[in-house]
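Notes for the structure review
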Amino acid sequence: MGKLELKGVNKVYRVGTFGGDTLHAVKDVSFTAEPGQIISLIGESGSGKSTIGKMILRLTRVSSGQILFDGKDVSTLKGADLRPYQRRVQGVFQDPFSSYNPIFKADRVFGMVKDTFYGDVSRSEWDGRVWQALKDVALDPDGVLGKYPHQLSGGQLQRMLVARALLLDIDFLVADEIISMLDASTRVDVLNLLGDLKAGGLGVLFVTHDLSLGNYISDRAIILRKGRIVESGKTADVFDHPSHPYTQMLLESVPALHGGRDPGLWADRKGRCLFHERYPQADATAPATAQDLSLAEIEPGHLVTCAHVDEPERCPDSRRAA
Amino acid sequence: MTLRVDDLKVYYTTLAGDVRALDGVTFEIADGEIMGLAGESGCGKTTLGNSLIRLDGRMRHVGGSVELDGQVLPIGDSEAMDRHRFHDISVVPQYAMSALNPTRKIGRMSRELIESRGIRYASVKDVYEMRLGLVGLRESVLDLYPMELSGGMKQRVVMVLSTLLDPSLLIADEITSALDVSTQKAVAESLVGLRDHAFVKSMLVITHDLSILHEVADTILIMYAGHLAEKAPADVIIDRPRHPYTKLLISSLPEVGVRFEDKRLAGIPGRPPSLLDPPAGCRFRARCPLADEQCLEQPPFVDVGEGHQLACWKVS
């Protein structure tokens, strides 16, 4: 239980003074998140990665397409109908400091969950659940309960937010840049926590701009560029033989601690359009509904789009242009 | 010797007492050297950078001295420092987006800024335009508003502007933190370019990201809770660190290629001490696996090898 499926999801924002212009932030994104898997959604600023997370959490509307959770479309649920879904899918965001109200004690976030979702649970049973959730995120309950946000570190606050999500008995967690605000010495602990929760069957969408973090923790990686998936697959495949020029550029830009990465691993793919080599007639930019593919499978589970997806007419391998 | 900092102490005055953010640091930066300064948030790295150019109202110069090119900098006296700012010592702040006036075109803002320092714009205009070209920007950016530039472009405009008068020392504080990896690389390369063209003699690059420092810095200085922990050539810090804090810090960094399934990295348990009333002795003591009663006394920052200094009783 807890399978999340995105089918041809689009998001168009209205921008400009009178909302007259539009910004196509997410274009035809489709992927499936299996339970017990961490998917990292990697992209630079403006790639639409946070928008996808927000659409899954229903913090923003889906312009078109479907989001299926265990086969049921949740993208059109409203009001009270959303509650059962929110019990199972929750999010944690980038800045733990601004997720708390500084004038209340930090554990108020747990009380708010109880008031909204578990009004009928007895006080003592609830305290036991809070205790257990804190243990699950490797926090010492005595050390964090009854404290104000400023008395706790960023790592502790962030783990409390994960604990808050766990109280809801969730199947799926959207973790949007949850460690970029944390210090190097504590961020790896939060990452490891995600790994441990995964072993318990939780599905995680790990949204990040940091390739090394995405690579460390995830089972599958999705590379986004300008709202479109350009490459996706098993993390090892995507990172060891990146097949889209954009992914290759990103990987080359990552500063390395111990020696650089060996481009030799992917030299034979450099500059090639693997999508059109496979499907010379296909149009990578056509809406997902109009055809079966906008990504070509170049090895099992490893998908890549046209190298020139922004200007398909420039792709030398595309026979449609000719 | 470009910069010599001797036992510098800068405290923040708060209602609860003094926060000892910079508690006796001593180091030097040589001509042509790019020194990286790294550490966790709250370790005093930004305080160190700021105290070399501008103490804000809450900061108090408690002791120690700063010498630039043999001249003592009056760091506690903001008015006297004005003569050195921009001319001898300059800064690139973290948020270049907010460093540029949004209501002025870049060219006009630059002219106003330069003339406010008593320099004729015409005398530096050619150099300015030439240097913009060196960091990969066209002259036409001068006719644009800041909002028309990307974050990386704004960061580079500020870099060129800051170094226009060939200062001896440039302080770059977290300048890549808000940028994407691909832009980060361009900014990091421009930074090294400024030194290679001798537009600045030496640089202090402050960041929490050690992998960036590994690319740009010659030497790396690691700070912990207001004290210096270790200083060594960049390769030595990354590959053969000796201070227990540096070792734990480096081993907790995920790199491309390391995966959770293959190798579980560990963080450092605990958190840095409060600097309001810091514990005596080594400040890393509470989190250090090697600590014993000797560490109740503060370890000196001593030489342990060629250009390699550290403060630890257990390894020196």
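Residues numbered from 1 in each chain as written. Chains lettered and ligands numbered in written order. Predicted model: local features only at pLDDT ≥ 70, side-chain atom pairs only at ≥ 80, totals over all residues. Heavy atoms only, no water.

Quick look at the overall build of chain B
The helix and strand tally for chain B stands at 10 helices and 12 strands. At 20 Å, chain B has a C-alpha radius of gyration in line with the 20 Å of a compact globule built from 316 residues. Overall, chain B is about 65 × 50 × 40 Å in size when its C-alpha atoms are taken along their principal axes. When burial is assessed residue by residue, chain B has 52% of its 316 residues classed as buried. Split by element, the accessible area of chain B, about 13600 Å² in all, is 49% carbon and sulfur. Averaging the positions of the 35 positive and the 43 negative side-chain charges in chain B gives two centres separated by 4 Å. (Helix = DSSP H or I, 4+ residues; strand = E, 2+ residues; numbered from the N terminus. Rg over C-alpha atoms; globule rule 2.2 N^0.38 Å. Buried < 20%, exposed > 50% of the residue type's maximum accessible area, 1.4 Å probe, protein only. Areas by Shrake-Rupley, 256 points an atom, 1.4 Å probe, with all protein chains shown as cover. Lys, Arg positive; Asp, Glu negative; His and termini not counted. Charge placed at Lys NZ, Arg CZ, Asp CG, Glu CD.)

Quick look at the overall build of chain A
Secondary structure assignment for chain A yields 11 helices and 12 strands. Over its C-alpha atoms chain A spans a radius of gyration of 21 Å, differing by no more than 12% from the 20 Å that the globule rule assigns to 322 residues. Counting every position in chain A, which comprises 322 residues, the buried fraction comes to 53%. Put simply, of all contacts in chain A between residues at least 6 apart along the chain, 66% involve residues at least 24 apart. One finds the centroid of the 38 positive side-chain charges in chain A at a distance of 5 Å from the centroid of its 41 negative side-chain charges. (Contact = heavy atoms within 4.5 Å.)

Details of the nonpolar core
Counting 63 residues, the largest nonpolar core has Tyr-128, Leu-210 and Ile-220 of chain B as the members making the most contacts within it. Those residues within four positions of Ile-220 of chain B in sequence are excluded, and the remaining contacts are Gly-36, Leu-210, Leu-213, His-214, Glu-230, Lys-231, Ala-232, Ala-234, Ile-237 and Ile-238 of chain B. By size, the runner-up hydrophobic cluster in this structure holds 47 residues, among which are Leu-134, Leu-194, Leu-213 and Ile-217 of chain A. (Core = buried A, V, L, I, M, F, W, Y, C linked by side-chain atoms within 4.5 Å.)

Side note on a nonpolar patch on the surface
All names here are of chain B. On the surface, Val-127, Met-130 and Leu-134 cluster together into a nonpolar patch covering about 240 Å² of accessible area. Turning to its location among the elements, Val-127 is positioned in helix 5 (residues 121-134). Looking at Val-127, the relative accessible area reads 31%, which means it is partly exposed. (Patch = residues over 30% accessible without salt bridge, like charges linked within 9 Å, V, L, I, M, F, W, Y side chains within 5 Å. Salt bridge = Lys/Arg side-chain N within 4 Å of Asp/Glu carboxyl O.)

Observations regarding the side chain of Gln-158 of chain A
Residue and element names in this part refer to chain A. Structurally, Gln-158 can be placed in helix 6 (residues 154-167). With relative accessibility at 0%, the residue Gln-158 sits in the buried group. In this view, Gln-158 contacts Val-92, Phe-93, Gln-94, Pro-96, Ile-178 and Leu-182; residues no more than four positions away in its chain are not counted.

What to know about the pairing of strand 6 (residues 89-92) of chain A
Residue and element names in this part refer to chain A. Along strand 6, one buried face is formed by Val-89 and Gly-91 and the opposite face, lined by Gln-90 and Val-92, is buried too. Relative to strand 7 (residues 172-176), strand 6 runs parallel, the two being bridged by 4 bridges. Counterpart to Gln-90 in the pairing with strand 7 is Leu-173. (Pairing = 2+ DSSP bridges.)

Here's the deal with the interface of chain B and chain A
Opposite the 32 residues of chain B that make contact, chain A presents 38 residues. By the criterion of area lost to chain A, the three top residues of chain B are Val-256, Arg-259 and Phe-260 of chain B, representing 21% of everything that side buries. Between chain B and chain A we count 3 salt bridges in total. With its nearest N and O atoms 2.9 Å apart, the salt bridge here joins Asp-196 of chain A to Arg-264 of chain B. Linking chain B with chain A are 10 residue pairs in polar contact (both at pLDDT 80 or more), by the criterion used here. (Buried area = accessible area lost by both parts, 1.4 Å probe. Polar contact = N/O pair within 3.5 Å; in protein donor to acceptor, adjacent residues only side chain to side chain.)

Some remarks on the packing of aromatic side chains
Residue and element names in this part refer to chain B. Within the structure shown, the criterion is met by 6 aromatic pairs over all chains. Aromatic pair Tyr-224 and Tyr-245: ring centres 4.6 Å apart, planes at 55°, arrangement tilted. Of this pair, Tyr-224 sits in strand 9 (residues 219-224) while Tyr-245 sits in helix 10 (residues 244-251), placing them 21 residues apart in sequence. We classify Tyr-224 as buried; its relative accessible area is 5%. (Phe/Tyr/Trp six-rings, centres within 6.5 Å; stacked < 30°, edge-to-face > 60°.)

Some points on the pairing of strand 2 (residues 17-29) of chain B
Residues and elements named next belong to chain B. In this structure, strand 1 (residues 3-14) lies alongside strand 2, joined through 9 bridges in antiparallel fashion. If you follow Thr-14 over to strand 2, its bridge partner there is Gly-17. The hairpin formed by strand 1 and strand 2 contains 2 residues between the paired strands.

Some words on the packing of helix 3 (residues 108-117) of chain A against helix 6 of chain A
Residues and elements named next belong to chain A. Where helix 3 meets helix 6, the closest approach of the two axes is 10 Å, and the angle between their N-to-C directions is 15°. Comparing their axes, helix 6 and helix 3 come out roughly parallel. For the crossing formed where helix 3 meets helix 6, the hand is right-handed. Counting all contacts with helix 3, which are made through Val-109, Phe-110 and Val-113, the residues of helix 6 involved are Met-160, Ala-163, Arg-164 and Leu-167. Its residues assigned to classes, the contact of helix 3 with helix 6 comprises 6 nonpolar, no polar and 1 charged. (Axes fitted to C-alpha atoms, helices over the stretch in contact; angles between N-to-C directions. Parallel < 35°, antiparallel > 145°, perpendicular 65-115°, else oblique. Left-handed = near helix turned anticlockwise from the far one by under 90°. Nonpolar A, V, L, I, M, F, W, Y, C, P; charged D, E, K, R; others polar.)

So, the sheet that holds strand 5 (residues 71-72) of chain B
All names here are of chain B. Here we have 4 strands laid out as an open sheet, ordered 2-1-4-5, and antiparallel in their pairing. At either end of the open sheet lies a strand with only one pairing partner, and these are strand 2 and strand 5. Strands in contact with helix 1 (residues 45-53) are strand 1, strand 2 and strand 4 (59-68); relative to strand 1, the strand with the most contacts, it is inclined by about 105°.

Details of the environment of Ile-106 of chain B
Residues and elements named next belong to chain B. Relative to the elements of secondary structure, Ile-106 occurs in helix 4 (residues 106-116). For the pair formed by Ile-106 and His-214, sequence separation is 108 residues and the distance between their alpha carbons is 32 Å. Excluding residues that lie within four positions of it along the chain, Ile-106 makes contacts with Leu-100, Tyr-128, Val-141, Leu-142, Leu-144, Pro-146, Leu-149 and Val-157.

Regarding the packing of helix 3 of chain A against helix 4 (residues 123-136) of chain A
Residues and elements named next belong to chain A. Between helix 3 and helix 4, whose axes approach to 11 Å, the crossing angle comes to 130°. It follows that helix 3 is oblique to helix 4 by the angle criterion. The two elements helix 3 and helix 4 cross, and the hand of that crossing is right-handed. In this structure, helix 3 uses Phe-110, Val-113 and Lys-114 to contact helix 4, whose residues at the interface are Arg-123, Trp-126, Val-130 and Leu-134.

Topic: the pattern of salt bridges
Taken as a whole and judged by the stated rule, the model has 25 salt bridges over all chains. Here Arg-85 of chain B ties to Asp-82 of chain B by a salt bridge, and the two come within 3.2 Å at their closest N and O atoms. Using a relative accessible area of 37% as the deciding quantity, one classes Asp-82 of chain B as partly exposed. Salt bridges linked by common partners bring Asp-70, Arg-88 and Asp-171 of chain A together as one network.

What about unusual backbone geometry?
Unusually for a residue other than glycine, Asp-169 of chain A sits at a positive phi of about 60°. With respect to the secondary-structure elements, Asp-169 of chain A resides in the loop between helix 6 and strand 7. A relative accessible area of 60% places Asp-169 of chain A in the exposed class. Here the phi dihedral of Asp-69 of chain B falls at roughly 50°; this positive angle occurs in a residue that is not glycine. Relative to the helices and strands, Asp-69 of chain B resides in the loop between strand 4 and strand 5. In this structure Asp-69 of chain B comes out as partly exposed when scored by relative accessible area, which is 35%.

Read these as layout, nothing more, since geometry by itself doesn't imply function.
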